[in-house]
Amino acid sequence: MSESAGEVRDLVLTSDFFLPAPFCLLTLLLPPLSLGAPISTAESITQAYNLALNMQLQTSALLQTYVKHQGSPFSDPGFSIPELSLITLPSTDMPFEIWHGLEDGEHLSLTQQAFWSFSQHLLLAVRDQNDINPLNDNSIVLDQLEEARLKAKGLAIKLARIMNTLGLPIPPANPLGTVPFGDSAFHKKCRGCVIIRDYSFWTDRAVTFLGELKAKYSE
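Described below are features of the structure shown in this document. The structure presented is a predicted model; accordingly, all values stated were derived computationally and were not measured.

### Quick look at the pattern of salt bridges
Reasoning step 1: A complete count under the given rule lists six salt bridges for this structure.
Reasoning step 2: Note that aspartate 128 and arginine 191 form a salt bridge whose closest N and O atoms lie 2.9 Å from each other. Placement of aspartate 128 in helix H5 (residues 104–132) and of arginine 191 in helix H7 (residues 185–217) is noted, with a sequence separation of 63 residues between them. Residues aspartate 128 and arginine 191 agree in their burial class; the two are buried.

### Details of the side chain of serine 117
Reasoning step 1: Mapped onto the fold, serine 117 is located in helix H5.
Reasoning step 2: If we skip the residues at most four places from it in the chain, serine 117 touches Thr88 and Pro90.

### Regarding the state of the cysteines
Reasoning step 1: In this structure the tally under the stated criterion is zero disulfides.
Reasoning step 2: The thiol of cysteine 190 is not disulfide-bonded; the next cysteine sulfur, from cysteine 193, is found 6.3 Å away.
Reasoning step 3: We classify cysteine 193 as buried; its relative accessible area is 0%.

### Looking at the layout of surface pockets
Reasoning step 1: Considered as a void within the structure, the second largest pocket measures approximately 320 Å³ in volume.
Reasoning step 2: Of all the secondary-structure elements, those providing two or more residues to the lining of the second largest pocket are H5 and H7.
Reasoning step 3: By residue number, the principal contributor to the lining of the second largest pocket is H5, which donates seven residues.
Reasoning step 4: Its residues assigned to classes, the lining of the second largest pocket shows twelve nonpolar, seven polar and one charged.

About the thresholds
The numbers attached to residues start from 1 for each chain and follow its sequence in the written order. Owing to the predicted nature of the model, reporting of local features is limited to residues with pLDDT of at least 70; listing and counting of side-chain atom pairs is limited to 80 or more, with chain, interface and lining totals taken over all residues. Only hydrogens and water are set aside when side-chain values are computed; all heavy atoms of the structure are taken into account. Whenever a carboxyl oxygen of Asp or Glu lies within 4 Å of a side-chain nitrogen of Lys or Arg, that contact is scored as a salt bridge. Numbering goes from the N terminus for both helices and strands, where a helix is a DSSP run of H or I of at least four residues and a strand is a run of E of at least two. Buried residues are those whose accessible area, probed at 1.4 Å on protein chains only, stays under 20% of the maximum for their type, while exposed residues exceed 50% and partly exposed ones sit between those limits. What makes two residues a contact is simply this: any of their non-hydrogen atoms within 4.5 Å. Any two cysteine sulfur atoms within 2.5 Å of one another count as a disulfide. Every definition here rests on a 1 Å grid over the protein atoms only: cavities are sets of points where a 1.4 Å probe fits but cannot get out, pockets are open sets enclosed by protein on both sides within 12 Å along at least five of seven lines, and lining residues have some atom within 4 Å of a point. Grid points are joined across faces, edges and corners, and a volume is the space filled by probe spheres set on the points. Just so you know the grouping, Ala, Val, Leu, Ile, Met, Phe, Trp, Tyr, Cys and Pro go in nonpolar, Asp, Glu, Lys and Arg go in charged, and all remaining residues, Gly too, go in polar.

This is the structure:
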(Lines give C-alpha, C1' and ligand atoms only; values in the text may rest on other atoms or scores of the structure.)
Protein backbone atom coordinates (compact mmCIF):
# COMPACT_ATOMS: atom_id res chain seq x y z
CA MET A 1 0.00 0.00 0.00
CA SER A 2 1.37 3.46 -0.89
CA GLU A 3 1.94 6.08 1.80
CA SER A 4 -0.87 8.30 0.48
CA ALA A 5 -3.30 5.39 0.27
CA GLY A 6 -2.41 4.53 3.84
CA GLU A 7 -3.25 8.08 4.89
CA VAL A 8 -6.73 7.70 3.38
CA ARG A 9 -7.11 4.38 5.18
CA ASP A 10 -6.04 5.97 8.46
CA LEU A 11 -8.52 8.79 7.91
CA VAL A 12 -11.34 6.29 7.51
CA LEU A 13 -10.29 4.25 10.52
CA THR A 14 -9.63 7.17 12.87
CA SER A 15 -11.81 6.41 15.87
CA ASP A 16 -14.25 8.79 17.47
CA PHE A 17 -17.47 8.58 19.42
CA PHE A 18 -20.29 7.10 17.33
CA LEU A 19 -23.99 7.30 18.08
CA PRO A 20 -26.34 4.71 16.59
CA ALA A 21 -26.99 5.51 12.92
CA PRO A 22 -28.74 3.73 10.06
CA PHE A 23 -26.44 1.12 8.57
CA CYS A 24 -27.40 2.21 5.07
CA LEU A 25 -26.10 5.73 5.76
CA LEU A 26 -22.81 4.40 7.08
CA THR A 27 -22.54 2.16 4.03
CA LEU A 28 -23.22 5.08 1.70
CA LEU A 29 -20.67 7.38 3.30
CA LEU A 30 -17.95 4.95 4.29
CA PRO A 31 -17.61 2.26 1.60
CA PRO A 32 -14.68 -0.17 1.89
CA LEU A 33 -11.52 1.17 0.33
CA SER A 34 -10.19 -2.10 -1.00
CA LEU A 35 -13.21 -3.68 -2.69
CA GLY A 36 -14.19 -3.32 -6.34
CA ALA A 37 -12.52 -1.61 -9.28
CA PRO A 38 -11.02 1.83 -8.67
CA ILE A 39 -13.22 4.69 -9.83
CA SER A 40 -12.06 7.58 -12.00
CA THR A 41 -11.18 11.01 -10.67
CA ALA A 42 -14.22 12.43 -12.46
CA GLU A 43 -16.51 9.92 -10.79
CA SER A 44 -14.96 10.58 -7.37
CA ILE A 45 -15.55 14.31 -7.83
CA THR A 46 -19.14 13.69 -8.93
CA GLN A 47 -19.78 11.57 -5.83
CA ALA A 48 -18.33 14.28 -3.57
CA TYR A 49 -20.37 16.96 -5.34
CA ASN A 50 -23.60 14.98 -5.00
CA LEU A 51 -22.99 14.47 -1.29
CA ALA A 52 -22.20 18.16 -0.77
CA LEU A 53 -25.37 19.11 -2.66
CA ASN A 54 -27.40 16.79 -0.44
CA MET A 55 -25.80 18.36 2.63
CA GLN A 56 -26.60 21.85 1.37
CA LEU A 57 -30.27 20.97 0.97
CA GLN A 58 -30.42 19.85 4.62
CA THR A 59 -28.52 22.67 6.35
CA SER A 60 -31.44 25.12 6.45
CA ALA A 61 -33.75 22.51 7.98
CA LEU A 62 -31.01 21.55 10.47
CA LEU A 63 -30.68 25.11 11.78
CA GLN A 64 -34.45 25.64 11.95
CA THR A 65 -34.92 22.39 13.86
CA TYR A 66 -32.05 23.17 16.20
CA VAL A 67 -33.21 26.64 17.27
CA LYS A 68 -36.83 25.47 17.55
CA HIS A 69 -35.86 22.93 20.21
CA GLN A 70 -33.53 25.18 22.26
CA GLY A 71 -36.28 27.20 23.91
CA SER A 72 -36.35 30.99 24.44
CA PRO A 73 -34.68 33.15 23.20
CA PHE A 74 -33.51 30.80 20.43
CA SER A 75 -37.03 29.76 19.41
CA ASP A 76 -38.50 33.27 19.69
CA PRO A 77 -39.79 34.92 16.48
CA GLY A 78 -37.13 37.06 14.83
CA PHE A 79 -34.23 35.38 16.63
CA SER A 80 -30.92 35.70 14.82
CA ILE A 81 -27.73 33.79 15.52
CA PRO A 82 -25.35 35.80 17.72
CA GLU A 83 -22.31 37.25 15.96
CA LEU A 84 -20.00 34.87 17.75
CA SER A 85 -17.13 32.74 16.54
CA LEU A 86 -15.18 29.69 17.65
CA ILE A 87 -11.44 29.78 17.12
CA THR A 88 -11.43 26.02 16.55
CA LEU A 89 -13.85 26.21 13.60
CA PRO A 90 -12.67 26.55 9.98
CA SER A 91 -12.36 30.22 9.09
CA THR A 92 -15.14 31.95 7.17
CA ASP A 93 -13.20 35.21 6.85
CA MET A 94 -11.31 34.61 3.59
CA PRO A 95 -12.54 37.12 0.97
CA PHE A 96 -14.19 35.62 -2.10
CA GLU A 97 -11.53 37.04 -4.43
CA ILE A 98 -8.73 35.29 -2.54
CA TRP A 99 -10.65 32.01 -2.27
CA HIS A 100 -11.54 32.09 -5.95
CA GLY A 101 -7.89 32.67 -6.88
CA LEU A 102 -6.58 29.56 -5.10
CA GLU A 103 -5.41 26.48 -7.00
CA ASP A 104 -7.59 23.36 -7.02
CA GLY A 105 -5.19 21.56 -4.68
CA GLU A 106 -5.46 24.37 -2.12
CA HIS A 107 -9.26 24.34 -2.41
CA LEU A 108 -9.33 20.59 -1.87
CA SER A 109 -6.99 20.73 1.11
CA LEU A 110 -8.85 23.54 2.89
CA THR A 111 -12.25 22.00 2.19
CA GLN A 112 -11.14 18.53 3.31
CA GLN A 113 -9.73 19.93 6.55
CA ALA A 114 -12.89 21.99 7.09
CA PHE A 115 -15.27 19.06 6.90
CA TRP A 116 -13.08 16.81 9.00
CA SER A 117 -13.20 19.59 11.60
CA PHE A 118 -16.97 19.97 11.25
CA SER A 119 -17.45 16.25 11.79
CA GLN A 120 -15.82 16.70 15.20
CA HIS A 121 -17.58 19.96 16.04
CA LEU A 122 -20.96 18.45 15.18
CA LEU A 123 -20.10 15.60 17.54
CA LEU A 124 -19.44 18.22 20.20
CA ALA A 125 -22.87 19.72 19.48
CA VAL A 126 -24.42 16.28 19.96
CA ARG A 127 -22.66 15.88 23.30
CA ASP A 128 -23.73 19.37 24.35
CA GLN A 129 -27.36 18.54 23.59
CA ASN A 130 -27.09 15.36 25.64
CA ASP A 131 -25.62 17.34 28.55
CA ILE A 132 -28.35 19.99 28.33
CA ASN A 133 -31.15 17.49 27.94
CA PRO A 134 -30.11 14.09 29.38
CA LEU A 135 -33.66 12.75 28.97
CA ASN A 136 -33.19 12.96 25.18
CA ASP A 137 -36.64 14.35 24.47
CA ASN A 138 -35.16 16.32 21.56
CA SER A 139 -34.19 13.21 19.61
CA ILE A 140 -35.01 14.88 16.27
CA VAL A 141 -32.21 17.39 16.91
CA LEU A 142 -29.78 14.64 17.87
CA ASP A 143 -30.70 12.60 14.80
CA GLN A 144 -30.18 15.54 12.44
CA LEU A 145 -26.91 16.56 14.07
CA GLU A 146 -25.65 13.00 13.87
CA GLU A 147 -26.65 12.70 10.23
CA ALA A 148 -24.84 15.97 9.46
CA ARG A 149 -21.78 14.70 11.34
CA LEU A 150 -21.64 11.48 9.36
CA LYS A 151 -22.04 13.32 6.07
CA ALA A 152 -19.35 15.85 6.97
CA LYS A 153 -16.99 12.98 7.77
CA GLY A 154 -18.03 11.19 4.60
CA LEU A 155 -17.29 14.26 2.49
CA ALA A 156 -13.89 14.68 4.14
CA ILE A 157 -13.07 11.08 3.24
CA LYS A 158 -14.26 11.50 -0.35
CA LEU A 159 -12.15 14.63 -0.72
CA ALA A 160 -9.13 12.80 0.69
CA ARG A 161 -9.61 10.10 -1.95
CA ILE A 162 -9.70 12.73 -4.70
CA MET A 163 -6.50 14.23 -3.34
CA ASN A 164 -4.91 10.80 -3.18
CA THR A 165 -5.85 10.14 -6.81
CA LEU A 166 -4.35 13.49 -7.87
CA GLY A 167 -1.15 12.84 -5.91
CA LEU A 168 -1.80 15.64 -3.44
CA PRO A 169 -0.73 15.45 0.21
CA ILE A 170 -3.59 14.67 2.59
CA PRO A 171 -3.77 16.80 5.75
CA PRO A 172 -3.48 14.86 9.01
CA ALA A 173 -6.76 13.95 10.71
CA ASN A 174 -6.07 15.83 13.91
CA PRO A 175 -8.40 15.34 16.88
CA LEU A 176 -10.41 18.29 18.17
CA GLY A 177 -8.87 19.87 21.23
CA THR A 178 -10.51 22.02 23.87
CA VAL A 179 -13.18 24.38 22.53
CA PRO A 180 -13.28 27.40 24.86
CA PHE A 181 -16.72 28.97 24.93
CA GLY A 182 -18.32 28.46 28.34
CA ASP A 183 -20.01 25.54 30.04
CA SER A 184 -23.47 26.91 30.79
CA ALA A 185 -26.51 25.55 28.94
CA PHE A 186 -26.89 28.92 27.19
CA HIS A 187 -23.27 28.88 26.00
CA LYS A 188 -23.64 25.32 24.72
CA LYS A 189 -26.79 26.24 22.81
CA CYS A 190 -24.98 29.24 21.29
CA ARG A 191 -22.04 27.03 20.38
CA GLY A 192 -24.35 24.69 18.47
CA CYS A 193 -25.82 27.64 16.56
CA VAL A 194 -22.37 28.86 15.55
CA ILE A 195 -21.24 25.39 14.48
CA ILE A 196 -24.32 24.89 12.28
CA ARG A 197 -24.04 28.44 10.86
CA ASP A 198 -20.43 27.96 9.79
CA TYR A 199 -21.11 24.41 8.59
CA SER A 200 -23.76 25.89 6.28
CA PHE A 201 -21.27 28.47 4.98
CA TRP A 202 -18.68 25.82 4.15
CA THR A 203 -21.28 23.53 2.60
CA ASP A 204 -22.30 26.30 0.20
CA ARG A 205 -18.62 26.89 -0.59
CA ALA A 206 -18.02 23.15 -1.19
CA VAL A 207 -20.99 22.86 -3.56
CA THR A 208 -19.74 25.79 -5.66
CA PHE A 209 -16.14 24.59 -5.78
CA LEU A 210 -16.95 20.94 -6.44
CA GLY A 211 -19.44 21.95 -9.12
CA GLU A 212 -16.66 23.86 -10.89
CA LEU A 213 -14.21 20.97 -10.40
CA LYS A 214 -16.81 18.48 -11.70
CA ALA A 215 -17.27 20.54 -14.86
CA LYS A 216 -13.49 20.75 -15.36
CA TYR A 217 -12.96 16.98 -15.12
CA SER A 218 -15.99 16.21 -17.26
CA GLU A 219 -14.49 18.01 -20.24
